Structures are given as structure tokens and as C-alpha cells.
Amino acid sequence: MSNERVRCLIIGSGPAGYTAAIYTGRANLSPVLYEGIQPGGQLTTTTEVENFPGYPEGIGGTELMDDLRKQAERFGVEIRTGIATAADLSKSPYKITIDNEKVIEADTLIISTGATAKYLGLEDEKKYAGMGVSACATCDGFFYRKKIVAVVGGGDTACEEATYLASLASKVYLVVRKNYLRASKIMQERILNNPKIEVLFEHNVAGLYGENGVEGVHLVKKLGQPDEERYDVPIDGFFLAIGHKPNSDIFKPYLDTDETGYILTEGATPRTKVPGVFAAGDVADPHYRQAITAAASGCKAAIEAERYLTEHSL
Ligand code: NDP
């Protein structure tokens, strides 16, 4: 294994990673950024981004990430392809293994590895990706104004997404596999009192259908029970809200996380409990999960990294 020493290592290429790269690049920290599992991050899986400030006409998710990448390159950031496969944060410099072969020693580390939305695992979710299947109502809900959508899940996220979608769509089906909602009481009440939302308890999704995009969902009521029933419901959009998995596994032995795996940081800062190691974006944010909030935390992490290097004369 060959080792390389860098002053600032950034892992992940979503809005948090690229923003951290832009700021640390401009501050002459010679940052190295590894793109991670999904180059460009979750935004590359969505079509149009209409709520990122500065784009009055909206912008494609991939285009936005390409722009952020170019902006980072302009400030000399070295952007590399590779996935962080192991970490040793027991002492500085911190050691990160890339693709199981190369070890990078970093004086500061910015973890911006994001979170991955969970999917049901149906073939149709892939088939209709970007054609009616979404895991983010705030991102894509606008395209379903006056249309019919289904949301899968029974937690707070599903209820929040269903409520949001009901403000745009003409009808929202909430597909819940159990006979109760896991969401908080207040969210449940909001759902059950919304005339546009119909909760389908004890329902599972068997698949989707449609010629040029989602046109309907195959549902199974009381799966595996004697009175199991299968039927189709026409819909235009299919939203997953069955949880996210933060990409924090390799850091868990060294950092505090919540029970889902989101990295815990000090108050509103991106500081983790390891000095010089910062967490930015969705990997540390179970609440907002927006491109703009991720970008903002990437900026904070960069400023913190710069201060840390100065304070420690590194
Ligand atoms: P949760 O884990 O709380 O809920 C996931 C939901 O998806 C559950 O209803 C679960 O069903 C369902 N689900 C999981 N897998 C499948 C599957 N394969 N098929 C069908 N359904 C499935 O995740 P959330 O994202 O909703 O919330 C995460 C955390 O964030 C929670 O602590 C939540 O309280 C919090 N949160 C708080 C908000 C707020 O306060 N405003 C807003 C959003 C989130 P089952 O119940 O059967 O397991």
C-alpha cells in the first residue's frame, strides 16, 4: 500500500463535498476530493432542481453538480474517482483507505458521504427511475400538481411527504404495510384529517406499470393472508419514504452517531468528537436533507478545517 499525505481530504461529491472543496480550494489548502459511491451525489438521480437559489428557471440535477465540480476545479481541487473503504481516526494524521488499496493520510477530514434513500428493491423502481419514481417529495413534488401520487411508508417522513404532496397533487395514496402508522400522533392526525390523502393500511407494492413512465401501481392487500387481494391503482408519481441510510459505516468506530447512523456533531457546527474531522451534508442531517443545507454545512466544514490547520500550524 502506498501512502500519501494531504492537508485536507474531502470524501463525497454532493453539494456538501463540492462546497467544502470550493472553500478549501480558495483558502489554498490543496484539498483532495474523492467522489465516492455516487459521483455528484443524490441530485444526479433527480431531474429538475427548482429550489436551489440562483437558478430562476431551475436546473438539471446533473448539470448543477457539473457546475459545482467545475467551480471546485477552478480553485485547484484535485478531484479523484474512488471510494473510501476503511478509516483509522484513532490519531492524527487520519488514515483513509481508498478502494481497498491506497492510504491517504489527512491532517483534516471532511466527511460528506451523504445518505442513501432506501428503496423497496423492485425491478420497476429502476425501470421508472426519473420517470415517475422519486425518493424526495420536496425535490419532485412540483411536477405532480393536480396529479395522482402514491407514497410508501408509515413513518414521520412518509406522513410529511404525503402532506406536502397533498398541497400540490389532486390525490395522494399512502401505502402502509402494517395496520397502523409509526409516525408521531400529530403527523398521523394531519394525515387522517386531510381529505386528499387516502391511507391504504396493510398494503404492499408488487410493481409499477406504464408505457412512457409510471401510470399505475400493482397493490397487494393483506399479503400472504387467506383474504389476500391484488388490484391496480392508476397513479402518475410513486414516492418512496421508507427511510434513509447515512453512509457512515466506516467511521462509526470513531465517531458518535445516532441510532440510524447519522454522525453527531457539536451543536450547529460540523465538528465531530475527533478534532480535525468534520461531517457535512446528509451524513449528519436527518432533518433537512436539502442541497442548499448540505452546501451550507460544507462551507462551515471548510472554514472549520482552515481554522484547525492554522491553530495547529499544519
Ligand atoms: P422510519 O424508520 O421512522 O419509518 C420508515 C417507515 O417505512 C415505516 O413505516 C416502515 O414500516 C416503512 N418501511 C420500511 N421498509 C419498508 C418496506 N420494505 N416496505 C414497506 N414499508 C417499509 O423512517 P422515517 O424516514 O420516517 O423517519 C426517520 C426518523 O426521522 C424518525 O425518527 C422520525 O421520527 C424522524 N423524522 C421526524 C420528522 C419530524 O419530526 N418532523 C420528519 C421526518 C422524520 P414499519 O412501520 O412497518 O416498519
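Chemist: When you look at the domain arrangement of the chain in this model, what are you seeing that I'm missing?
Modeler: Buried accessible area, meaning the area lost when the parts come together, often serves as the stated size of an interface. When the domains of the chain are assigned, the result is domain 1 (2–116 + 244–311) and domain 2 (119–240). Carbon and sulfur atoms make up 43% of the area that domain 1 and domain 2 hide from each other, which totals about 630 Å². Our enumeration of links across domain 1 and domain 2 arrives at zero salt bridges. Taken together, the links from domain 1 to domain 2 amount to zero residue pairs in polar contact (both at pLDDT 80 or more). A breakdown of the residues in the side of domain 1 that touches domain 2 according to their chemical character gives no nonpolar, five polar and three charged.

Chemist: Even after reading the chapter, I still don't get the packing of aromatic side chains, so can you show me in this structure?
Modeler: Taken as a whole, this structure holds three aromatic pairs when the rule is applied. Arranged with centres 6.4 Å apart and planes meeting at 75°, the rings of F142 and F143 form a pair that is edge-to-face. For F143, a relative accessible area of 32% gives the class partly exposed. A ring pair is formed by Y144 and F239, whose centres lie 5.5 Å apart and whose planes are at 80°; its orientation type is edge-to-face. Linking Y144 in the loop between α4 (137–140) and β11 (148–152) with F239 in strand β17 (residues 237–240), this pair joins segments that are 95 residues apart in sequence. Just as Y144 is buried, F239 falls in that class too.

Chemist: Explanation requested: the state of the cysteines in the structure shown.
Modeler: Here a disulfide denotes one covalent bond, and it connects the sulfur atoms of two cysteines. A complete count under the given rule lists one disulfide for this structure. One disulfide in the model links C136 with C139; its S-S distance is 2.1 Å. Around the S-S axis, the bridge from C136 to C139 shows a dihedral of about 75° and counts as right-handed. Taking relative accessible area as the criterion, C136 reaches 17% and is therefore assigned buried.

Chemist: Looking at this model, I keep getting lost on the sheet that holds strand β16 (residues 229–234). Mind explaining?
Modeler: Sheet strands line up and pair through hydrogen bonds in the backbone, either parallel or antiparallel. The three strands lie next to each other as β14-β15-β16, forming an open sheet whose pairing is antiparallel. Edge positions in the sheet fall to β14 (203–209) and β16, since each of these pairs with one other strand and no more. Averaged over all adjacent pairs, the angle separating strand axes in this sheet is 25°, with direction ignored. Summarising the sheet, β14 and strand β15 (residues 216–221) pair through six bridges and their orientation is antiparallel. The residue of β15 that forms the bridge with G207 is H218.

Parameters at a glance
- Residues numbered from 1 in each chain as written.
- Predicted model: local features only at pLDDT ≥ 70, side-chain atom pairs only at ≥ 80, totals over all residues.
- Heavy atoms only, no water.
- Domains from an automatic or database assignment.
- Buried area = accessible area lost by both parts, 1.4 Å probe.
- Salt bridge = Lys/Arg side-chain N within 4 Å of Asp/Glu carboxyl O.
- Polar contact = N/O pair within 3.5 Å; in protein donor to acceptor, adjacent residues only side chain to side chain.
- Nonpolar A, V, L, I, M, F, W, Y, C, P; charged D, E, K, R; others polar.
- Phe/Tyr/Trp six-rings, centres within 6.5 Å; stacked < 30°, edge-to-face > 60°.
- Buried < 20%, exposed > 50% of the residue type's maximum accessible area, 1.4 Å probe, protein only.
- Helix = DSSP H or I, 4+ residues; strand = E, 2+ residues; numbered from the N terminus.
- Disulfide = S-S within 2.5 Å.
- Pairing = 2+ DSSP bridges.
- Axes fitted to C-alpha atoms, helices over the stretch in contact; angles between N-to-C directions.

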